[in-house]
Amino acid sequence: GTKPDLSPAHSGVFQEMAKGECHFINGTDRVRYLLRYFYNWQQYVHFDSDVGHFVGEIQARYWNSDPKRLEYRRAEVDRYCQHNYKCFSPFLVNRRVPPSSSQ
């Protein structure tokens, strides 16, 4: 027989996902951290380090009322972004590939 289609639109399964992003401008001179939450492919709330709190509807108000949660997320610029930049920049940023001439 054929395999069933397990895509969310057909299976009745709901998906939730969180995605952390670090945006580096001029190396680490300016770093922006975004933590985005999705439910069934629709973003419903996000944390933006430039703003310093969660942005969205009901969930954002609830999370913004917790000072420890906000302190933890605000520290992600250093703990998560800066740390990973130092770990990976030798392989990604400083990597130089000499130009090749095709004949």
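Preceding this paragraph is the structure being described.
A short tour of the structure in this document, coming up. (Residues numbered from 1 in each chain as written. Predicted model: local features only at pLDDT ≥ 70, side-chain atom pairs only at ≥ 80, totals over all residues. Heavy atoms only, no water.)

### Here's the deal with the packing of aromatic side chains
Phase 1: The final tally for this structure, using the stated rule, is 8 aromatic pairs.
Phase 2: When the centroid spacing of 4.9 Å and the interplanar angle of 50° are considered together, the rings of tyrosine 37 and tryptophan 63 count as tilted. In this pair, tyrosine 37 sits in strand S2 (residues 30–39) while tryptophan 63 sits in helix H2 (residues 58–64), placing the two residues 26 residues apart along the sequence. No difference in accessibility class separates tyrosine 37 from tryptophan 63, as the two residues are buried.
Phase 3: Joined through ring pairs, the aromatic side chains of Tyr33, Tyr37, Tyr44, Phe47, Phe54, Trp63 and Tyr80 make up one cluster.
Phase 4: The ring of tyrosine 72 has arginine 79 lying over it, and the distance from NZ or CZ to the ring centre is 3.9 Å. (Phe/Tyr/Trp six-rings, centres within 6.5 Å; stacked < 30°, edge-to-face > 60°. Helix = DSSP H or I, 4+ residues; strand = E, 2+ residues; numbered from the N terminus. Buried < 20%, exposed > 50% of the residue type's maximum accessible area, 1.4 Å probe, protein only. Lys NZ or Arg CZ within 6 Å of the ring centre and 35° of its normal.)

### Here's the deal with the packing of helix H3 (residues 67–74) against helix H4 (residues 76–92)
Phase 1: Between H3 and H4, the shortest axis-to-axis distance is 5 Å and the interhelical angle comes to 30°. Viewed along their axes, H3 and H4 adopt a mutual orientation that is roughly parallel. Where H3 approaches H4, its residues Tyr72, Arg73 and Arg74 are matched on the opposing element by Glu76, Val77 and Arg79.
Phase 2: Grouping the constituent residues of the contact of H3 with H4 by class yields 2 nonpolar, no polar and 4 charged. (Axes fitted to C-alpha atoms, helices over the stretch in contact; angles between N-to-C directions. Parallel < 35°, antiparallel > 145°, perpendicular 65-115°, else oblique. Contact = heavy atoms within 4.5 Å. Nonpolar A, V, L, I, M, F, W, Y, C, P; charged D, E, K, R; others polar.)

### A closer look at the pattern of salt bridges
Phase 1: Applying the stated criterion to the full structure yields 7 salt bridges.
Phase 2: Its salt-bridge partner being glutamate 21, residue lysine 19 comes within 3.7 Å of it at the nearest N-O pair.
Phase 3: By relative accessible area, which is 39% here, lysine 19 ends up partly exposed.
Phase 4: Notably, a salt bridge pairs arginine 32 with aspartate 48, separated by 2.5 Å at the nearest N-O pair. Residue arginine 32 is found in strand S2, and its partner aspartate 48 is found in strand S3 (residues 42–48); the two are separated by 16 residues along the sequence.
Phase 5: According to the relative accessible area criterion, aspartate 48 is buried, its value standing at 5%. (Salt bridge = Lys/Arg side-chain N within 4 Å of Asp/Glu carboxyl O.)

### Some words on the state of the cysteines
Phase 1: One pass over the full model with this rule turns up 1 disulfide.
Phase 2: A sulfur-sulfur separation of 2.1 Å characterises the disulfide bridge that pairs cysteine 22 with cysteine 81. On the sign convention where negative means left-handed, the S-S torsion of about -85° between cysteine 22 and cysteine 81 marks this disulfide as left-handed. On the criterion of sequence distance, the pair formed by cysteine 22 in strand S1 (residues 16–25) and cysteine 81 in helix H4 is long-range, its members being 59 residues apart.
Phase 3: Exposure remark for cysteine 22: the relative accessible area of 25% places this residue in the partly exposed category.
Phase 4: Judged by its relative accessible area of 0%, cysteine 81 is buried. (Disulfide = S-S within 2.5 Å.)

### Describing the pairing of S2
Phase 1: Looking at chain direction, S1 and S2 are connected through 10 bridges and run antiparallel. Looking at S2, one finds that lysine 19 is bridged to arginine 36.
Phase 2: Here S1 folds back onto S2, and the loop between the two strands holds 4 residues, one of which, asparagine 26, carries a positive phi near 55°.
Phase 3: Where S2 and S3 come together, 6 bridges link them in antiparallel fashion. What sits directly across from leucine 34, in S3, is aspartate 48. (Pairing = 2+ DSSP bridges.)

Interpretation note: all reported values are geometric properties and have no functional meaning in isolation.
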